[in-house]
Amino acid sequence: MKKRASGLLLHVSSLPGKYGIGDFGENAYQFVDFLSATGTKYWQILPLGITSFGDSPYQSFSAFAGNPYFIDFDRLMEKEWLKKSEIIQTDLGEDDEIVNYAKLYEGKMSLLHKAFLRAYPDIEEELERFMASHEDWLPDFACFMAIKNAYGNIAWTAWPKTYRLRDPEVLEEFREEHKKDIHFWVFTQYLFFEHWHDLKVYANKKGIRIIGDIPIYVAADSADVWSRPDLYKLDENLHPEVVAGVPPDMMSDTGQLWGNPIYNWEKMKQEGYHWWIRRVEESFELFDAVRIDHFRGFESYWEVPAEDETAENGRWVKGPGLPLFEAIKEKLGDKEILAEDLGFLTEEVYNLIEATGYPGMKVIQFGFGDEDSEYMPHNYTRHSIAYTGNHDTKTMQGWLDTADEAAFETAKDYLNLTEAEGYVNGCIRGVFASSSNLAIIPVQDLLGLDDSARFNWPSTIGGNWEWRMTQESLTEKHKVHLKNLNKRYGRSL
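Reading the values: rules and limits
- Residues numbered from 1 in each chain as written.
- Predicted model: local features only at pLDDT ≥ 70, side-chain atom pairs only at ≥ 80, totals over all residues.
- Heavy atoms only, no water.
- Salt bridge = Lys/Arg side-chain N within 4 Å of Asp/Glu carboxyl O.
- Helix = DSSP H or I, 4+ residues; strand = E, 2+ residues; numbered from the N terminus.
- Buried < 20%, exposed > 50% of the residue type's maximum accessible area, 1.4 Å probe, protein only.
- Patch = residues over 30% accessible without salt bridge, like charges linked within 9 Å, V, L, I, M, F, W, Y side chains within 5 Å.
- Areas by Shrake-Rupley, 256 points an atom, 1.4 Å probe, with all protein chains shown as cover.
- Lys, Arg positive; Asp, Glu negative; His and termini not counted.
- Charge placed at Lys NZ, Arg CZ, Asp CG, Glu CD.
- Polar contact = N/O pair within 3.5 Å; in protein donor to acceptor, adjacent residues only side chain to side chain.
- Contact = heavy atoms within 4.5 Å.
- Pairing = 2+ DSSP bridges.
- Axes fitted to C-alpha atoms, helices over the stretch in contact; angles between N-to-C directions.
- Parallel < 35°, antiparallel > 145°, perpendicular 65-115°, else oblique.
- Left-handed = near helix turned anticlockwise from the far one by under 90°.
- Nonpolar A, V, L, I, M, F, W, Y, C, P; charged D, E, K, R; others polar.
- Core = buried A, V, L, I, M, F, W, Y, C linked by side-chain atoms within 4.5 Å.
- Arc of directions from axis to C-beta.

## Here's the deal with the pattern of salt bridges
Applying the stated criterion across every chain, the model contains 32 salt bridges. A salt bridge links Lys318 to Glu299; the nearest nitrogen and oxygen atoms lie 2.3 Å apart. Of this pair, Lys318 sits in strand β8 (residues 315-318) while Glu299 sits in the loop between β6 (289-292) and β7 (300-305), placing them 19 residues apart in sequence. Overall, the relative accessible area of 54% leaves Lys318 in the exposed class. Among the charged side chains, a salt-bridge network with shared partners connects Asp136, Arg278, Glu281 and Glu282.

## Remarks on unusual backbone geometry
Residues Tyr120 and Pro121 are joined by a peptide bond in cis, for which omega reads 10°. Despite not being glycine, Leu238 shows a phi value in the positive range, around 65°. Relative to the helices and strands, Leu238 is located in the loop between α10 (223-227) and β4 (242-246). According to the relative accessible area criterion, Leu238 is buried, its value standing at 14%. Of note, the phi angle at Tyr273 is positive, near 55°, even though the residue is not glycine. With respect to the helices and strands, the residue Tyr273 is situated in the loop between α11 (265-270) and α12 (274-286). With relative accessibility at 7%, the residue Tyr273 sits in the buried group.

## Here's the deal with a negative patch on the surface
Residues Asp370, Glu371, Asp372, Asp404, Glu405, Glu409 and Asp413 make up a contiguous surface patch of negative charge. Structurally, Asp404 can be placed in the loop between α15 (396-402) and α16 (405-415).

## Things to note about the side chain of Gln365
Its location among the elements puts Gln365 in the loop between β10 (360-363) and β11 (384-387). In this structure the side chain of Gln365 is engaged in a polar contact, spanning 3.2 Å, whose partner is the backbone oxygen of Lys394. With residues near it in sequence (within four places) discarded, Gln365 still touches Thr388, Gly389, Thr393, Lys394, Thr395, Met396 and Trp399.

## Topic: the pairing of β10
Alternating positions in β10 separate into two faces, Gly360 and Lys362 on one and Met361 and Val363 on the other, with burial throughout. Pairing of β10 with β11 involves four bridges; the strand directions are parallel. Bridge assignment links Val363 to a residue of β11, and that residue is Tyr387.

## Here we look at the sheet that holds strand β5 (residues 256-261)
Pairing is antiparallel across the open sheet formed by four strands, whose spatial order is β5-β4-β7-β8. Edge positions in the sheet fall to β5 and β8, since each has one partner strand and no second. When strand polarity is set aside, the average angle formed by the axes of neighbouring strands in this sheet is 50°. Taken together, the four bridges between β7 and β8 define a ladder with antiparallel strand orientation. Paired with Ser300 across the bridge in β8 is Lys318.

## Remarks on the packing of helix α1 (residues 26-38) against helix α9 (residues 179-205)
Each pair of packed helices gets described by two things: the angle between the helix axes and the distance between those axes. The interhelical angle for the contact between α1 and α9, taken along N-to-C directions, is 20°, at an axis separation of 10 Å. Taken together, the axes of α1 and α9 lie roughly parallel to each other. For α1 against α9, the interelement crossing comes out right-handed. Counting all contacts with α1, which are made through Ala28, Tyr29, Val32 and Asp33, the residues of α9 involved are His195, Asp198, Leu199, Tyr202 and Ala203. Its residues assigned to classes, the contact of α1 with α9 shows six nonpolar, one polar and two charged.

## Quick notes on the nonpolar core
One finds Trp43, Trp276 and Phe298 to be the most contacted residues of the largest nonpolar core, which totals 160 residues. Top contributing element to this core by residue count: α9, with 12 residues.

## Focus on the environment of Ala339
The residue Ala339 is located in strand β9 (residues 337-339) in this model. In this structure, the C-alpha to C-alpha distance between Ala339 and Pro359, residues 20 residues apart in sequence, is 6.0 Å. Setting aside residues no more than four positions away along its own chain, Ala339 makes contact with Ile292, Phe295, Tyr358, Pro359, Gly360 and Met361.

## Side note on helix α14 (residues 347-356)
Residue pairs three or four apart in sequence face the same way in an α-helix, which turns once every 3.6 residues. The set of residues buried in α14 consists of Val349, Leu352, Ile353 and Thr356. Projected onto a plane normal to the axis of α14, the buried residues spread over an arc of 95° and lie on a single side. Exposed side chains of α14 directed beyond 90 degrees from the buried face belong to Glu347 and Glu354. Following α14 by one or two positions, Gly357 has its phi on the positive side, about 80°.

In structure tokens:
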């Protein structure tokens, strides 16, 4: 990221399309074409993992598996594994601008089962080869999901003891009796990786680099925790002793209680941080650059007693620090890693970021309450990523609608915002004009949308991750505007 460039933030789920949620199909390719036509070099997405409780891409049944919802159904019809009539008869949600996860779970997974039954057993040997090529996580994930289905999708901590404790004989018997069920989950990953690979190759040929996202933690109800409970702080019943979150801040008066189990960093250190190295390695097989979420948690993390209902009574605990990233670099070499360094930062966190050499994030809407703020554009360094907002913030219009008068007036004066240009466009201009080598804006800001189009409201459950663009959202007007911004501020070179 040594040259000036720009990017758009848009999760795959928010793409338009015919099948209830954005996917790796035609509209994803059209979005790549839009980026290419405007001189935009980066497409930033959110985690691609298979979602669990709350439908959040940051809470997944696996740190490695992909979301089957993103599989391109048009390609399944081309292979005659699905029939158009079957899709038409399946309710995947009636509103093209909202993802209905409940209907997707019922309808899309049912259709994938139909496709699997038509493909199987002709594809059985190919699935075995694919599983062998991902042997360090895929067999456990597929078995985990098959057991979960067999027990009505309850959390693995509620399974019978022999399954919870991974009794080798019991698991082997299950694998033999449920081979086809396990192969179904391998099938979903086989399609996910194939369809994503083809899309990424297309994007790269167009000069577009894709920024992926690694959540710092894994979900409690995940194949990761079930298969390696020793890597987490669990009690004798394999329940978390402590969970992750963040203390009270500008986002929430009671903090954010994420509920993820905390890593046993000492055990990970003893193993040379192998699990994290593999996670990063796998991510760079999928993406050109990777943003690591909640980066400050590697210096110190907020640890909350598992029984608490808010994050208020947590405590700061030292994380693995620089040795983790030195181990990653030693094994994988230099990689384009971005640090999500927002939140409560200390001198130690700044020192860690500087020592890794990773660029951090600067969000313009955080800056206008304090003229000395590091989030004011004149304080940005070249080695940083400038944003109007991210997946957890208000849209830029939403911020303008709700900002206190002093912050709003500061923004107007600082950026010379005018009604003629449009206040949101003026904020985007401020990000593009900044010295940061990379400027990224959420698509919602390019479209000038208010908070009804937000990705997420932190510390809330329900109603998140649902927003989608329509087929008509990105127009020639947006294309010209973005192209001009890139040209004017030297970001399309």
